[in-house]
Amino acid sequence: MAGHTQSSGRPNQWLRNLNAKIASVPMILTAVVIFLGGTIWTVVYSFTNSKLLPRLTFVGFDQYERLWDAPRWLVSVQNLAIYGIFSLIFSLVIGFVLAALMDQKIRFENTFRTIMLYPFALSFIVTGLVWQWLLNPEFGIQSVVRSLGWETFTFDPLYNADIVIYGILIAALWQGTGLVMCLMLAGLRGIDEDIWKAARVDGIPMWKTYIFVIIPMMRGVFITTLVIIASGIVKVYDLVVAQTSGGPGIASEVPAKYVYDYMFQAQNLGQGFAASTMMLITVAIIIVPWAYLEFGGGRKRV
Amino acid sequence: MSDIVAFNSVAEEAAPKAQAQRVLAGPRGAKPRRALSGRNIMIYGTLVVVALYYLLPLYVMVMTSLKGMPEIRLGNIFAPPVEITFEPWVKAWASACTGLNCDGLSRGFWNSVRITVPSTLVSIAIASVNGYALANWRFKGAELFFTILIVGAFIPYQVMIYPIVIVLREMGIYGTLTGLIIVHTIFGMPILTLLFRNYFAGLPEELFKAARVDGAGFWTIYFKIMLPMSLPIFVVAMILQVTGIWNDFLFGVVFTRPEYYPMTVQLNNIVNSVQGVKEYNVNMAATILTGAVPLFVYFVSGRLFVRGIAAGAVKG
């Protein structure tokens, strides 16, 4: 409650609104102790050589140097980049196209939406395990296509180090595109009917109207969706654990898993802290410009 | 951030309005299109294909879980079972093994219930009062703490996990259900507080003022006026928390001991265990069982779920 000390003046200033202050104690504790304090703590300890227990022996950027020399971390970052870029592109494109289709005054809209969104209710663990089964080369899609007569058909992303991250991407898209579709559909519904009428009067083809008129108008929705997807991407963890456990070898490792493994399995806390600080920086790179655009810049909204 | 919530209400309102318009327009609208125009075939064709793609994994899960292992080894995963057996379900529930324990998923299920119910109730109780204080009883500095809270929602959990482990260890509740419940309450707070704050701020201020004039205090107004008026938002929050906490994996694995592992963690341990012969039918039955609770919530709650996850998506 540091903020109130300077507010003197009337003597009972502190007691004013006391109930509200008491009610806000959990929020204040969470914000200050856990979110702010915890983050600072982790960043500070990422400069130490903590192993099994956190210790305050500072070693400068040693942990970071070791981190960026570790092949496993490099693979993790590379995977996250591939996964992130493709999942952004695909979920935005697929989500928008589906939303546009759903916006054609179709029948059974609710049924279609229910079907497309249900995977989002499932956990990443469930999603990962289902797709692990579907992509199982011995019994899954590959074996079914082979049994149809195409003997050389190969589709085993989870067992091929070069493409394993795409196998995870397939599962992630199955789980997440429904949500993007819903967000986009809400955006489309927010657009004035008259725009469409005007475009039709002017004889502009529908796809052109979408690309040059509607999408620019949905800037806000796109940015919100982008931030939602992006901050989810950085955290991807459970899906990989369930689907491949990081394998084959280290081919599908991701940063979040690196952090967990170093903190709780390898007992190398310093590495874990350094890696999680890198995750924090990644998120900051995404969030800060967005927050600046959204809440800075004179509060003008599109 | 407030944008996201504003945007939810758009999502909520826009759809019924469009429907209402369609109904009202009735016969006066544009000339009816032929049902089987090329355009319609394309649209419905695409949507049906997409819908099949989304349903396929669920279908395969159910089919696999109803087959015996010999049939799985011979047949293809898309074929319906020749001989339906519920054996895998029974085994998944009652006797599947994780490590040395062979009491099936039922333990994880009850753990998850014991985690989800209190976590949901506690987090909603705290966040709703917080949101109410922020909306109606603003005090100096409140906005600052709220901003930190909301920005904190974007920080990857991995950054804050270890400090929390230390705090819980100091309190002597690391590894227990209580500890995990506190963790869920903490991480549910940003989104729930935001949800409640925006909802309460949207209620007519006159009500609040009138109650104040009549001498009602902080808690009286909360319990007698705010609470009864905001049942829908409580339901949304509940949906959000129940599915979110049930589906959690990371906190479960970090903050509990094996005997308290929630269902998701136990499921992963059963399916991805390296020992023994893989029983795919049992695995799929276990997977369905774990997904059943959030799916049930989803199908029952319908539109409210959409609203909840649109808000909860921020949580990532």
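None of the values given here were measured: they were computed from a predicted structure.

## Here we look at the overall build of chain A
A tally of helices and strands in chain A yields 14 helices and zero strands. Helices and strands appear in chain A in the N-to-C order α-α-α-α-α-α-α-α-α-α-α-α-α-α. Computed over its C-alpha atoms, the radius of gyration of chain A comes to 25 Å, more than 25% above the 19 Å expected for a compact globule of 302 residues. Per-residue burial for chain A yields a buried fraction of 43% across its 302 residues. For chain A, the share of sequence-separated contacts (at least 6 apart) that also reach a separation of at least 24 residues comes to 67%.

## Topic: the overall build of chain B
A tally of regular secondary structure across chain B gives 15 helices and zero strands. By the burial criterion, 45% of the 316 residues in chain B qualify as buried. Pairs at least 24 residues apart make up 77% of the contacts formed inside chain B by residues separated by at least 6 positions.

## Observations regarding the interface of chain A and chain B
Each side of the interface is counted separately: chain A has 82 residues, and chain B has 80 residues. With 14 residues, the single largest contributor to the side of chain A that touches chain B is helix H2 (residues 25–45) of chain A. Taken together, the residues of the side of chain A that touches chain B sort by class into 53 nonpolar, 23 polar and six charged.

## Things to note about the nonpolar core
Counting 155 residues, the largest nonpolar core has Ile168(A), Met184(A), Ala275(A), Met279(A), Leu195(B) and Ala286(B) as its most contacted members. Counting residues per element, this core draws most heavily on helix H8 (residues 164–189) of chain A, which supplies 16 residues. When residues of this core are sorted by domain, at least three fall in each of domain 1 (2–45) and domain 2 (62–299) of chain A. Those residues in contact with Ile168(A), other than ones at most four positions away along the chain, are Tyr83(A), Leu239(A), Val240(A), Gln243(A), Thr244(A) and Ser252(A).

## Quick notes on helix H6 (residues 124–134) of chain A
Among the eleven residues in H6(A), eleven count as buried, and that is most of the element. Among all positions in H6(A), only Phe124(A), Ile125(A), Val126(A), Thr127(A), Gly128(A), Leu129(A), Val130(A), Trp131(A), Gln132(A), Trp133(A) and Leu134(A) are buried.

## Considerations on the domain arrangement of chain A
Residue and element names in this part refer to chain A. Assigned domains of chain A: these are domain 1 (2–45) and domain 2 (62–299). Computed over C-alpha atoms only, the centres of domain 1 and domain 2 are separated by 37 Å. With four residues of domain 1 in contact, the opposing surface of domain 2 contributes four residues. The class makeup of the residues in the side of domain 1 that touches domain 2 is two nonpolar, two polar and no charged.

## Details of the packing of H8(A) against helix H11 (residues 219–234) of chain A
Residue and element names in this part refer to chain A. At a minimum axis separation of 10 Å, H8 and H11 run at an interaxial angle of 165°. With respect to each other, H8 and H11 are oriented roughly antiparallel. For the pair H8 and H11, the sense of crossing is right-handed. Every residue of H11 that contacts H8 at Val180, Leu183, Met184 and Gly187 is listed here: Val221, Thr225 and Ile229. A per-class count over the contact of H8 with H11 returns five nonpolar, two polar and no charged.

## Points about the confidence of the model for chain A
Caution applies to low-pLDDT parts of the model: their predicted coordinates are not meant to be read in detail. Residues with a pLDDT of 70 or more make up 93% of chain A, whose mean pLDDT is 86. Every residue in residues 298–302 of chain A scores below 50 in pLDDT, and together they form two contacts with partners more than four places removed in sequence or on other chains.

## Some remarks on helix H10 (residues 218–229) of chain B
Every α-helical turn comprises 3.6 residues, leaving residues that sit three or four positions apart pointing alike. All names here are of chain B. With twelve residues, H10 extends 16 Å between its outermost C-alpha atoms, agreeing within 8% with the 16 Å of an ideal straight helix rising 1.5 Å per residue. Among all positions in H10, only Ile221, Tyr222 and Met226 are buried. Across the axial projection of H10, the buried residues extend over an arc of 100°, all falling on one side. In this structure, H10 carries Trp219, Thr220, Phe223, Lys224 and Pro228 as exposed residues pointing more than 90 degrees from its buried face. Where H10 is buried, its residues contact helix H5 (106–136), helix H8 (177–202) and helix H9 (205–213).

## Overview of the confidence of the model for chain B
On average, chain B scores 84 in pLDDT, and the residues at 70 or more come to 86%. With pLDDT under 50 throughout, residues 1–17 of chain B is counted as low confidence; its partners more than four residues away or in other chains account for 28 contacts.

## Considerations on unusual backbone geometry
For residues that are not glycine, phi is negative in most cases, and the peptide bond is trans in most cases. Residues and elements named next belong to chain A. Here phenylalanine 108, not a glycine, exhibits a phi torsion of approximately 55°, which is positive. Secondary-structure assignment places phenylalanine 108 in the loop between helix H4 (71–102) and helix H5 (109–121). What makes phenylalanine 108 partly exposed here is the crowd of 13 C-beta atoms within 10 Å. The backbone of glutamine 267 sits at a positive phi, close to 55°, despite the residue not being glycine. By the element assignment, glutamine 267 lies in the loop between helix H13 (255–264) and helix H14 (269–295).

## Points about the environment of Val145(A)
Residue and element names in this part refer to chain A. Mapped onto the elements of the fold, valine 145 is located in helix H7 (residues 141–147). Residues valine 145 and phenylalanine 155, ten residues apart in the sequence, show an inter-C-alpha distance of 9.3 Å. Sequence-distant contacts of valine 145, defined by excluding residues within four places in its chain, comprise Trp150 and Phe153.

## Remarks on the environment of Tyr199(B)
Residues and elements named next belong to chain B. Along the polypeptide, tyrosine 199 turns up in helix H8. A count of 23 C-beta atoms within 10 Å places tyrosine 199 in the buried class. The spacing of tyrosine 199 and glutamine 275 is 76 residues in sequence and 51 Å in space, taken between C-alpha atoms. Not counting chain neighbours up to four residues away, the residues in contact with tyrosine 199 comprise Ser230 and Ile233.

Scoring rules and cut-offs
Residues numbered from 1 in each chain as written. Chains lettered and ligands numbered in written order. Predicted model: local features only at pLDDT ≥ 70, side-chain atom pairs only at ≥ 80, totals over all residues. Helix = DSSP H or I, 4+ residues; strand = E, 2+ residues; numbered from the N terminus. Rg over C-alpha atoms; globule rule 2.2 N^0.38 Å. Buried ≥ 20, exposed ≤ 12 C-beta atoms within 10 Å, placed from the backbone. Contact = placed C-beta atoms within 7 Å. Nonpolar A, V, L, I, M, F, W, Y, C, P; charged D, E, K, R; others polar. Core = buried A, V, L, I, M, F, W, Y, C linked by C-beta atoms within 7 Å. Domains from an automatic or database assignment. Axes fitted to C-alpha atoms, helices over the stretch in contact; angles between N-to-C directions. Parallel < 35°, antiparallel > 145°, perpendicular 65-115°, else oblique. Left-handed = near helix turned anticlockwise from the far one by under 90°. pLDDT = per-residue confidence, 0-100. Expected span 1.5 Å × (residues − 1). Arc of directions from axis to C-beta.

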